[in-house]
Amino acid sequence: METILDRRSMSRRDLLTGSLAFGAAFVVGPGFVAATDAAWAMEVKALKPETMATLIQMARDIYPHDHVADEYYAAAVKGYDNADQAEMIESGVAALNAAAQGKGHSSYTGAGWERDRVDLLRAMEGSSFFQMIRGGLVTGLYNQKAVWPLFGYEGESYSQGGYIDRGFDDINWI
Amino acid sequence: MAAPFDLSDDSVVVVIGTGAGGGVLANELAQKGVSVVALEAGGRYLPDDYINDEWESFGQLAWLDKRTTSGDWRVAKDFSGLPAWIVKAVGGTTTHWAGASLRFQAHEFKTKTTYGDVQGANLLDWPIDLAEMEPWYEKAEAKLGVTRTGDRVGLPGNNNFKVFEAGAKKLGYKDVHTGRMAINSADYDDRLACQQTGFCFQGCKWGAKWSAAYTDIPRGEATGNLEVREHAHVLKIEHDESGKVIGVVYADKDGNQHMQRARIVCVAGNSIESPRLLLNSASNMFPDGLANSSGQVGRNYMRHMTGSVYAVFDKPVKMWRGTTMAGIIQDESRHDPSRGFVGGYEMETLALGLPFMAAFLDPGGWGREFTTALDAYENMAGMWLVGEDMPQETNRITLNHDALDQYGLPAPNVHFDDHPNDIAMRDHAYKQGMAVYEAVGATRTFPTPPYPSTHNLGTNRMSEKARDGVVNRWGQTHDIANLFISDGSQFTTGAAENPTLTIVALAIRQADHIAGEMSKGNL
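Worth saying up front: this structure is predicted, and the values here are computed from it rather than measured.

**Student:** Sorry, what's going on with the packing of aromatic side chains here?
**Tutor:** Two aromatic rings, taken as a pair, are described by how far apart their centres are and by the angle between their planes. All names here are of chain B. This structure, assessed with the given rule, holds 32 aromatic pairs over all chains. With centroids separated by 5.6 Å and ring planes inclined at 85°, the aromatic side chains of Trp55 and Phe58 adopt a geometry described as edge-to-face. Of this pair, Trp55 and Phe58 both sit in helix H2 (residues 54-61), separated by three residues, roughly a single helical turn. Look at Phe58 and you get buried, because its relative accessible area is 15%. Site record: aromatic cluster; members linked through ring pairs are Trp55, Phe58, Phe79, Trp85, Phe201, Phe356, Phe360 and Tyr451. Here the basic side chain of Lys88 rests over the ring of Trp63, its NZ or CZ set 4.8 Å away from the ring centre. Above the face of the Trp474 ring, Arg473 is positioned so that its terminal group lies 5.6 Å from the ring centre.

**Student:** I would appreciate a short explanation of the confidence of the model for chain B in the present structure.
**Tutor:** Parts of the prediction with low pLDDT should not have their coordinates interpreted in detail. Here chain B averages 98 in pLDDT, while 100% of its residues score no lower than 70. Complex prediction metrics read pTM 0.96 and ipTM 0.94.

**Student:** What should I look at first to understand the interface of chain B and chain A in this one?
**Tutor:** When the parts of a complex come together, some accessible area is lost, and that lost area is often taken as the interface size. Of the residues lining the interface, 43 residues belong to chain B; the matching set on chain A comes to 40 residues. Overall, the association of chain B and chain A removes approximately 3700 Å² of surface from exposure, summing both partners, and the carbon and sulfur fraction of that is 62%. Summed over the shared surface of chain B and chain A, the result is five salt bridges. The salt bridge involving Glu154(A) is made with Arg321(B); its shortest N-O contact spans 2.8 Å. Our enumeration of links across chain B and chain A arrives at 26 residue pairs in polar contact (both at pLDDT 80 or more). Looking at the side of chain B that touches chain A, the elements that each hand over two or more residues are H2, helix H6 (159-171), helix H9 (354-360) and helix H10 (368-375) of chain B. Among the elements that make up the side of chain B that touches chain A, the one with the highest residue count is H10(B) (five residues).

**Student:** Before we go on, may I ask you to explain the pattern of salt bridges in this structure?
**Tutor:** Working definition: two side chains of opposite charge can pair if their charged atoms are close together. Residues and elements named next belong to chain B. Summed over the entire model, instances satisfying the criterion amount to 36 salt bridges over all chains. With a shortest N-O distance of 3.6 Å, Arg426 and Asp418 are connected by a salt bridge. Of the two residues, Arg426 and Asp418, both sit in the buried class. Where salt bridges share partners, they join Arg67, Glu273, Arg276 and Asp405 into one cluster.

**Student:** Would you take a moment to explain the sheet that holds strand S8 (residues 257-261) of chain B for this structure?
**Tutor:** Remark on secondary structure: sheet strands pair via backbone hydrogen bonds, oriented parallel or antiparallel. Residue and element names in this part refer to chain B. In spatial order, the strands read S6-S7-S8; together these three strands make up an open sheet with antiparallel pairing. Among the strands making up the open sheet, the edge pair consists of strand S6 (233-239) and S8. Each strand axis lies, on average, 25° off the axis of its neighbour in the sheet, ignoring direction. Alignment of S6 against strand S7 (residues 245-251), held across six bridges, turns out to be antiparallel.

**Student:** Would you mind showing me how to read the environment of Thr349(B) here?
**Tutor:** Residues and elements named next belong to chain B. By secondary structure assignment, the location of Thr349 is in strand S12 (residues 345-349). Discounting residues that sit within four places of it in the chain, Thr349 has contacts with Asn160, Phe161, Phe164, Thr324, Met325, Ala326, Gly327, Gly382, Met383 and Trp384. Among the polar contacts listed, one links the side chain of Thr349 to the backbone nitrogen of Ala326, at a separation of 3.5 Å.

**Student:** Would you mind showing me how to read empty space enclosed by the protein here?
**Tutor:** It is a probe the size of a water molecule, rolled over the atoms, that shows where empty space is left. All names here are of chain B. Within the structure shown, the criterion is met by five cavities of 30 Å³ or more. Of the volumes computed, that of the second largest cavity is approximately 130 Å³. Residue lining of the second largest cavity: 13 residues in total, with Glu54, Phe199, Thr324, Ala351 and Gly353 positioned closest to the centre. Of the residues in the lining of the second largest cavity, the class split is seven nonpolar, five polar and one charged.

How each quantity is defined
Residues numbered from 1 in each chain as written. Chains lettered and ligands numbered in written order. Predicted model: local features only at pLDDT ≥ 70, side-chain atom pairs only at ≥ 80, totals over all residues. Heavy atoms only, no water. Phe/Tyr/Trp six-rings, centres within 6.5 Å; stacked < 30°, edge-to-face > 60°. Helix = DSSP H or I, 4+ residues; strand = E, 2+ residues; numbered from the N terminus. Buried < 20%, exposed > 50% of the residue type's maximum accessible area, 1.4 Å probe, protein only. Lys NZ or Arg CZ within 6 Å of the ring centre and 35° of its normal. pLDDT = per-residue confidence, 0-100. Contact = heavy atoms within 4.5 Å. Buried area = accessible area lost by both parts, 1.4 Å probe. Salt bridge = Lys/Arg side-chain N within 4 Å of Asp/Glu carboxyl O. Polar contact = N/O pair within 3.5 Å; in protein donor to acceptor, adjacent residues only side chain to side chain. Pairing = 2+ DSSP bridges. Axes fitted to C-alpha atoms, helices over the stretch in contact; angles between N-to-C directions. 1 Å grid on protein atoms, 1.4 Å probe; cavity = no way out; pocket = protein on both sides within 12 Å on 5 of 7 lines; lining within 4 Å. Points joined across faces, edges and corners; volume = space filled by probe spheres on them. Nonpolar A, V, L, I, M, F, W, Y, C, P; charged D, E, K, R; others polar.

Structural data, given as structure tokens:
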């Protein structure tokens, strides 16, 4: 999680000073995206903060897990915040927002229902932008060790001697 | 002369590849006093080096050189640059394999006779049979320490097996057990018993699973007759004016090329690289590649009918705990055309960790249909389906002159179309696999598509007649007496069973033959 700045010490009031509520989940300000409850915040350098907030929402809509907090989705897309990819990401997100506006929403994140956002994503499923974001999430999200316990997955076991004495055959409901 | 050997030493047997075929052959020859230089494209990793982390281990071990794909198989769409999931390291894919060690059934050596003409299939009987192979299977099982053979007991069943077994029995299956596995159920041959760690596919950190990397290879080296050269990637096999092979050209880890002279060359680079090497060795004398007078080099590529079934239950399973593949249902492995296909299939327990489950459950899938499946990861059980696929002449490895590897050589293209028999078998296997789990209360089941191929077979196949295949009953090429094929590419047909035990048995047998012919002065 080293890519996420911990702003837990920052008050909600501090955070909101000079920033905008962005959809339900995020606030964006100059050079950062943050959770509305200030649980986390991320510095953004090459991308517009609104673009990063849109990417985070898009990541959640592609692989929605209601028990997985936004900071893991943010970590999964943080890597796109670089000068080499910024133009391509900005244009992909702009296309997504244009599609949303064509359906009467203010923007992609302005669409309140997940199903409306998913409809927009389905319509661009074949695009290289969508496939790059989706493909990157397969490892970007699910290969975060911090995410594994949220799914019950225990990771490596050699250092603990395997499961021979730790429940390799412990289910009793079958 | 003792190892290491000189590049100009033309008395050595050169073995290309150090996996189940090459690694075993190299050791067996060395034990008999034959001088061997084994050239391995990858590096050397031992149990301390293996990593209990799916993607990190994949980066450490997988063969990731340039490859391309074509055909209607789903792997070409989902993993277009990764047709096969095999290993580039000393020990080859025996680091990654699951350990399932099954003998072929008698009829599987005689499919042309047993199945008759199957339209579009290039079936052929093996020039050998089960009776001839039985003593070699016995030696192979003793070498690998296969459970439920000899006096070796079975592995204990893990959670994934308990669910699988209960479902199988409810469905009426009889031949259900924790498998014949090259994973120790008790300490054996200086290797520890299985500690139920999981991560069998990432290299066994206990050494409980047999791998050539820490058994045959060091034992061969200890004789003084075997030199293993790591990061030695063979580019070409050279021959003289008489058509006999005289050595091989390889690139070392810095890309510098060397020629190692040889009395005999044995190719064991797995079923994509082995035919590719023969094709890349084309010369004025052999314009279609070495040993290719039949035109069969690279053809009849088989990868087994495969698929998986995962199922979600209302209670935890924790399938990742313990041995990855110690569980089998063998009732469907028989040949019974009343099911709508020839040949049969095995059902074997399988677990993936969360990172690989996300990648392989439904490649390309997204949205809540996909994520609610992963939400239930802890409550999942899983099995792999593996059955005989039909050899087809058009399923083949060719040289792709538009895609070059890191040495500037044409990369292999792997073309595969499913045969209607493969599709009928897969559909049947999905249905049965889902029924196994539904019988014990699965709330949701997933017929999961094939992964990149782990069983690559048939591209230099064994035949009685030179016109039908590439090698004879000893794995010796029909065209060139001192050129042998020593891996799964010699398989005439694929059978339903996981191939490693048969590759090992053939390698032990081939070593016996080669050493005998050398001492008689025939080679």
